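Working through the structure, step by step
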Amino acid sequence: MMFALELKKTKRTGFFPAFFAGALAASALPVINTAARPDSFIHQELPAFSVLLNANWSMCAMLNSFLVIIGACILYHTEFSDRGIEKMHQLPVSRNQMFFCKGFLLFLGTGIMVLLENLFLLFCAWYWFPDPSGILSAAIQNVWYSLILMLPVILLMLLTASLCRNMWVSLGIGVTLLFTAQMLISSDTVLVYFPFALPYQFLSSGELSGDAVCFLAAALAETLLFGALKLFLTKSRRYTL
């Protein structure tokens, strides 16, 4: 029932159309990139999907994170406008349940993006590369891997948006975290596990390397941490920023 209510709220916000449009924009990048200079891609000795991910995934990951930031701000802006969230609290509705339903909605929107991006990468591999063998398996692996690595970003941004009445505050925090990740994605320290830096990792083969397992473990641990933090703040905090 709560999920159906949250889904109904998004119909007035353009939430899913925004994610679909953003996914198409991000998906067009590898097509344009490969079409503009195919010779620099197809003559590499790496597998087709690895070549495409190396060239395009950083931009796709940045756009994905940015759309998650916008989506989280949209979901909670509708709650804070006209003091709607205070009215909701007067009903027999769990704030934690509302939070995690919004998280599932944001996860669905992210899933649409990641799936479309990988479908367009499949098209590029099939159309331009002479030997696109194994690309379907590689794409499936990268979809689930990318979605897990996006979980900390989803929960952290929802947590931020739930604590900020002003949408521009949560948006500014999210953009700051996004640009901070740009400086950490190539770090050789533990900072590479910064939540907004995780989505820049990708899986181009069917096997999980030691580093890939570490990134998965970090993503799951951070997801549990942010979820537990929300539960704690719901009990201890009665105000927002």
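Data block above holds the structure.
Scoring rules and cut-offs
- Residues numbered from 1 in each chain as written.
- Predicted model: local features only at pLDDT ≥ 70, side-chain atom pairs only at ≥ 80, totals over all residues.
- Heavy atoms only, no water.
- Helix = DSSP H or I, 4+ residues; strand = E, 2+ residues; numbered from the N terminus.
- Rg over C-alpha atoms; globule rule 2.2 N^0.38 Å.
- Buried < 20%, exposed > 50% of the residue type's maximum accessible area, 1.4 Å probe, protein only.
- Areas by Shrake-Rupley, 256 points an atom, 1.4 Å probe, with all protein chains shown as cover.
- Arc of directions from axis to C-beta.
- Core = buried A, V, L, I, M, F, W, Y, C linked by side-chain atoms within 4.5 Å.
- Contact = heavy atoms within 4.5 Å.
- Phe/Tyr/Trp six-rings, centres within 6.5 Å; stacked < 30°, edge-to-face > 60°.
- Lys NZ or Arg CZ within 6 Å of the ring centre and 35° of its normal.
- Expected span 1.5 Å × (residues − 1).
- Disulfide = S-S within 2.5 Å.
- 1 Å grid on protein atoms, 1.4 Å probe; cavity = no way out; pocket = protein on both sides within 12 Å on 5 of 7 lines; lining within 4 Å.
- Points joined across faces, edges and corners; volume = space filled by probe spheres on them.
- Nonpolar A, V, L, I, M, F, W, Y, C, P; charged D, E, K, R; others polar.

The secondary structure content of the protein chain amounts to nine helices and zero strands. Whereas a compact globule of 241 residues would reach a radius of gyration of roughly 18 Å, the protein chain reaches 19 Å, a difference of no more than 12%. Taken along the three principal axes of its C-alpha coordinates, the protein chain extends 65 × 40 × 30 Å. Classification of the 241 residues of the protein chain by burial places 47% in the buried group. Carbon and sulfur atoms make up 69% of the accessible area of the protein chain, which totals about 12,000 Å².

Next up on the list: helix 1 (residues 2–10). Residues of helix 1 that are buried include every one of Met 2, Glu 6, Lys 9 and Thr 10, and no others. Along the axis of helix 1, the buried positions cluster into a sector of 100°, meaning they face one direction only.

It is worth spelling out the nonpolar core at this point. Among the nonpolar cores identified, the biggest contains 53 residues, and Phe 49, Ile 69, Leu 106, Leu 158, Phe 194 and Phe 196 are the most heavily contacted of them. Listed by contribution, the elements that provide at least two residues to this core are helix 2 (15–36), helix 4 (48–80), helix 6 (95–128), helix 7 (135–163), helix 8 (167–182) and helix 9 (210–236). Other than its neighbours up to four places away in sequence, Phe 196 contacts Ser 65, Ile 69, Val 153, Leu 156, Met 157, Gly 174, Leu 177, Leu 178 and Ala 181. Membership of the second largest hydrophobic core comes to nine residues, among which are Tyr 145, Val 192, Leu 203 and Ala 212.

Once that is clear, we can look at the packing of aromatic side chains. Summed over all chains, the structure comprises eleven aromatic pairs. Between Trp 126 and Tyr 127 the ring centres are 6.4 Å apart and the planes differ by 50°, which places this aromatic pair in the tilted class. Across the pair, exposure class does not vary: Trp 126 and Tyr 127 are exposed alike. Here a set of aromatic residues connected by ring pairs shows up, and it is made of Phe 123, Trp 126, Tyr 127 and Trp 128. Sitting over the ring of Tyr 76, Lys 102 keeps its end group 5.2 Å from the ring centre.

For helix 2, built from 22 residues, the straight-helix expectation of 32 Å at 1.5 Å per residue is met to within 8% by its first-to-last C-alpha distance of 32 Å. Turning to helix 2, its buried residues number three or more, namely Phe 15, Phe 19, Gly 22, Ala 23, Ala 26, Ser 27, Pro 30, Asn 33 and Thr 34. The elements touched by buried residues of helix 2 are helix 1, helix 3 (39–42), helix 4 and helix 6.

Summed over the entire model, instances satisfying the criterion amount to zero disulfides. Counting only cysteine sulfurs, Cys 124 is the nearest neighbor of Cys 60, a cysteine outside any disulfide, at a range of 9.8 Å. Residue Cys 101 stays outside any disulfide, its sulfur separated by 19 Å from that of Cys 73, the closest cysteine. Assessed through its relative accessible area of 11%, Cys 101 is described here as buried.

Here we come to empty space enclosed by the protein. Counted under the stated rule, the structure contains one cavity of 30 Å³ or more. Put simply, the largest cavity is a space of about 40 Å³. Every residue lining the largest cavity is listed: Glu 6, Lys 9, Thr 10, Thr 13, Leu 75, Thr 78 and Lys 102. Secondary-structure elements contributing two or more residues to the lining of the largest cavity are helix 1 and helix 4. A class-by-class count of the residues in the lining of the largest cavity yields one nonpolar, three polar and three charged.

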